[in-house]
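Overview (structure and organization)
The chain contents come next:
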Amino acid sequence: MAGFLKGMAMEKRLKLGRGLDRTGLFIVGSLSLAYLLFGRPFAELNIQLSFLGFPIFIGEICFFICLLIFLTKWKLGCVKLTGWHYLMFVYFLFILVKACRGYYLWGALSLRHSALFYYPLFAFFGYSFYRKEFFNQRIKFILIILLIFSMRMNTSWLFVNFHRWFIFTFFLTVIVLIRHYPDKNARRLFFILLLVVTPYKHLLCTSRMMLVSNMATIVLIFCLLVLILNLKNKHKAILFVSFSMLIAAVLLKVSPRNEVMSVVRIDKLLSTYNLESKIIEEKANYFKPREIEPKLYNPEHKFKKEPTPKISPQIQPKVESPQVLKIEVESKTDKAKQLTREVSKRLSEVKTDKEIDYREVFIDFEAEIENARKILYEILPQAEKLGLSDQVTGVLNEASDAESKIKQLRKKMQEKRTITGAQGTSLFRLYIWKDMASDIFREKPFFGFDYGKPFRSRSIEILNLGFGEWSRDGWIEPHNSYLNVIYRAGVVGIIAILFFLGLLLKMIETAVRAKSIDGILLWGGIVTLFIAANFAVILELPYNAISLWSLTGVSFAYIQGLKKGRPKKVDENPSSA
C-alpha cells in the first residue's frame, strides 16, 4: 500500500486527498445529524466481536474510519505534520494508557469514561476535512432544507425526535448558510421559511439549563454584532440597554415563571441546601452504600411481539393440555391487568402541584407498565391459539392508555412545577459537585481518578435523590462536563479546559477582527451548548458530544479561513463566499 501511494503523481495524490476529505466530512456530518434526529437508539447501534468483552458502537466505528482517512491523507503527503499533531498524539496516548489501565482494574466502564476525552478528536476531524469548495449551491440547498425541517421533526412513529437542545445552534447555522446562498430570491424565501418553521417556544419554554445558555448566548452575539458596527459608543450603549430590556420582558412573559424564579431566588436554594446538608452530616456516620454492579450502559428495552419459534422435528417440546394453558394464560392476563389498573389508580392520585422533583415520580409507574407489557407479549401467541387474544389485547390497550397518561402527566408537572420542585434539580447537582470536589481534595490524584472507577455521590444516596440513575447503573454522571474532565484527568484535564477556552477566544477574536457576522453566529451556535455543559451531560454522551465537537471543528476551520481574506464590511453580500 505504501509503495503504491509513493508511486502516485502529486496531482493524483491531491485529487485523492480531496476525495478523502469529502468522504470524511460526509461521514462526520451524517453521523452528527443521525445522532440529533434518532438520539439514543441510534447511538446504541453496535457490533459485538466474539473476542471482545464489550460492544463497539457506531460512534467508535466512525471514529476509526475517520482516523484511517486522516492517516491515509498523511501517507499521501496531503498533510504536513506540525507540533500540534504530535501534541495530539501524546494526548491520545494518555487516553489510551488510562483506558487500558482502567479496563484492567475496573472493567468496561473505563471505555465510557475515556469517550469523554476522545470525542473532542471529532473537532480535529471536522477541521481537517473541511474545504470551502465542498459547499456548492446544491449542497447548501440540501443542508438548508434538511436543517430547517429537522427542527420540526418529532414523529415517534418514524423513530425521529430531534434533539431540542440544538435548535438554537441549527437556527444560527441555517442563517449562515442562507446568507451564503448565491440566489438572492431564494435567500428571501429561505429566510421566510426559517422564520415560519422555527419552534421559538423551545428557545424560551425549555429547561433552565438551556434557558440560561440560550439567553447568555443571545446577549453575547448581540454585543459582538454591535461591536463591529460603525456606531458611536453612546449609540452602542443605548442599543445594548434597549436589547437587554427587551430580552428581560420576553423572558418574563413567555418562559415558565417558576423556572425563571428558581434561578433568581438563590436565597431559597441556599436555605434548603443548608438544611439538607445538616441531614447528610447526621446520617453520614452510619450510612452504608448499597452494593451495585456498575454497567457500561443501559439499553432502553422495548417489548415487541416476537415471532413464534420454529420447532425442530427432532426435539418435540412438552405439550400442555389446552385447559392447563388456558388457566396459565388467564392467570398471567389477570396479573398484568392488576398491575396496569394499580398504576392507573395511583396516577389519579398524583398532585401536579406537589413540590417534588417530577422526574422521580414516575419511575415505579413506568417499570410496572413495562413488566405488564412484557407478560402480555409473552403469552400472546398462546392466547391466539386458545381464542383469548381479545382479552390480552384489551389489557395491552389499557397499558398503552396508562403509558400515555404517564407522559401527559409528566409534561404537565414539568410545566407547572413549583420553585422548590425546580430548584430540586439544582440541589441535586450541588450535592454531586460537592462530593466530587471532596474526593479531589482528599485524594489529590495528579492524573485524575481511574477510568472505570464508578462515581457514587454519598449525599444524593443519603437523601435518596437520583434513585433512577445510581441504583440502576451503579454510578452517576456529575451533570458538569468540565468538572468531570478534571475529576478523570487531573492536571491534564485542567490544561485541556484552559486550552479549549483559549481556542474559543481565538475564534471570536478572529471573527470580530474580520468583522464577520457569519463567524460570530457560528461561534454563538457552539458556545450555547458549551455553556450548557456546565449544568448537563453534554460532552459525555455521543449524541450530544460528537455532533457538537464536529460542528466546532468545521466552524473553527471556517473562521480560520477569514484570516486569509480581507476583512469584510458588515453589510457586504456574503453569497459569493
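Worth saying up front: this structure is predicted, and the values here are computed from it rather than measured.

Across its full length, the protein carries 24 helices and four strands. Per-residue burial for the protein yields a buried fraction of 45% across its 577 residues. Contacts in the protein between residues at least 24 apart in sequence constitute 79% of all its contacts with a sequence separation of at least 6. Surface accessibility of the protein: about 31,700 Å² in total, with carbon and sulfur atoms responsible for 63%.

With respect to the helices, strands and loops of the structure, Pro55 is situated in the loop between β1 (46-47) and β2 (56-57). Leave out the neighbours within four places in its chain, and Pro55 touches Asn46, Ile47, Gln48, Leu296 and Tyr297.

Nonpolar side chains collect at one region of the surface, where Phe89, Val90, Leu93, Leu96 and Val97 lie side by side and expose about 470 Å² of accessible area between them. Looking at where Leu96 falls in the secondary structure, it is placed in helix α4 (residues 83-105). The partly exposed category is assigned to Leu96, whose relative accessible area is 42%.

We now examine the nonpolar core. A general feature of soluble globular proteins is that nonpolar side chains tend to end up buried together. Membership of the largest hydrophobic core comes to 109 residues, with the highest contact counts inside it found for Leu539 and Trp549. Of the residues forming this core, the biggest block, 12 residues, is contributed by helix α2 (residues 10-43). Those residues within four positions of Trp549 in sequence are excluded, and the remaining contacts are Tyr119, Pro120, Phe122, Ala123, Phe500, Phe530 and Leu539. Listed in part, the 19 residues of the second largest apolar core include Leu269, Ala284, Ile292 and Ile432.

Packing of α2 against helix α3 (residues 58-76) leaves a shortest axis separation of 10 Å and a crossing angle of 170°. Taken together, the axes of α2 and α3 lie roughly antiparallel to each other.

For helix α15 (residues 322-348), built from 27 residues, the straight-helix expectation of 39 Å at 1.5 Å per residue is met to within 8% by its first-to-last C-alpha distance of 39 Å. Turning to α15, its buried residues number three or more, namely Val329, Thr333, Ala336, Leu339, Thr340, Val343 and Leu347.

Let's shift gears to the pattern of salt bridges. Per the counting criterion, the structure on display carries 13 salt bridges. The salt bridge partner of Lys332 is Glu328, with a shortest N-O separation of 3.4 Å. One end of the pair, Lys332, and the other, Glu328, are both in helix α15, four residues apart, so they sit about a helical turn from each other. Given the relative accessible area of 39%, Glu328 is considered partly exposed. Salt bridges linked by common partners bring Asp21, Lys73, Arg131 and Glu133 together as one network.

In this section: the packing of aromatic side chains. Using the criterion set out here, one finds 27 aromatic pairs in the structure. Plain terms: the ring middles of Phe63 and Tyr118 are 5.5 Å apart, the flat faces sit at 50° to each other, and that makes the pair tilted. Taken together, the residues Phe63 in helix α3 and Tyr118 in helix α5 (residues 109-118) connect sequence positions 55 residues apart. Exposure class is identical for Phe63 and Tyr118. Each is buried. On the basis of an interplanar angle of 5° and a centroid distance of 6.0 Å, the ring pair of Phe125 and Phe129 is categorised as stacked. Of the two residues, Phe125 and Phe129 are both situated in helix α6 (residues 121-129); the distance of four residues between them amounts to about one turn of the helix. Comparing Phe125 with Phe129 shows no difference in burial state: the two are buried.

When pLDDT is averaged along the protein, the result is 81, and 81% of the positions lie at 70 or above. Taken as a whole, residues 353-360 scores under 50 in pLDDT and shows 16 contacts with residues more than four places along the chain or in a different chain. Taken as a whole, residues 566-573 scores under 50 in pLDDT and shows 12 contacts with residues more than four places along the chain or in a different chain.

Let's shift gears to the packing of α5 against helix α22 (residues 481-513). Running from N to C, α5 and α22 point in directions that differ by 110°, and their axes come no closer than 11 Å. With respect to each other, α5 and α22 are oriented roughly perpendicular. Where α5 crosses over α22, the two elements pack in a sense that is left-handed. Between α5 and α22, the residues in contact are His113, Leu116 and Phe117 and Asn484, Val485, Arg488 and Ala489, respectively. The residue inventory of the contact of α5 with α22, partitioned by class, reads four nonpolar, two polar and one charged.

The next point concerns α2. In a regular helix each residue adds 1.5 Å, so 34 residues correspond to 50 Å; α2 covers only 39 Å between its end C-alpha atoms and thus falls short of that length. At Leu37, α2 shows its maximal kink, close to 95°; a proline, Pro41, follows between one and four residues later.

Time to look at unusual backbone geometry. Positioned with a positive phi, Lys444 is a non-glycine residue whose angle comes to about 45°. Within the element layout of this structure, Lys444 appears in the loop between α19 (419-443) and α20 (458-462). The backbone of Lys515 shows a phi angle near 50°, a positive value even though the residue is not glycine. With relative accessibility at 32%, the residue Lys515 sits in the partly exposed group.

Glancing now at the side chain of His163. With respect to the helices and strands, the residue His163 is situated in the loop between β4 (160-161) and α8 (167-179). Residues within four places of His163 in sequence aside, it is in contact with Leu36, Tyr543 and Asn544.

Rules used throughout
Residues numbered from 1 in each chain as written. Predicted model: local features only at pLDDT ≥ 70, side-chain atom pairs only at ≥ 80, totals over all residues. Heavy atoms only, no water. Helix = DSSP H or I, 4+ residues; strand = E, 2+ residues; numbered from the N terminus. Buried < 20%, exposed > 50% of the residue type's maximum accessible area, 1.4 Å probe, protein only. Contact = heavy atoms within 4.5 Å. Areas by Shrake-Rupley, 256 points an atom, 1.4 Å probe, with all protein chains shown as cover. Patch = residues over 30% accessible without salt bridge, like charges linked within 9 Å, V, L, I, M, F, W, Y side chains within 5 Å. Salt bridge = Lys/Arg side-chain N within 4 Å of Asp/Glu carboxyl O. Core = buried A, V, L, I, M, F, W, Y, C linked by side-chain atoms within 4.5 Å. Axes fitted to C-alpha atoms, helices over the stretch in contact; angles between N-to-C directions. Parallel < 35°, antiparallel > 145°, perpendicular 65-115°, else oblique. Expected span 1.5 Å × (residues − 1). Phe/Tyr/Trp six-rings, centres within 6.5 Å; stacked < 30°, edge-to-face > 60°. pLDDT = per-residue confidence, 0-100. Left-handed = near helix turned anticlockwise from the far one by under 90°. Nonpolar A, V, L, I, M, F, W, Y, C, P; charged D, E, K, R; others polar. Bend = angle between axes of the 7 residues up to and from the residue.

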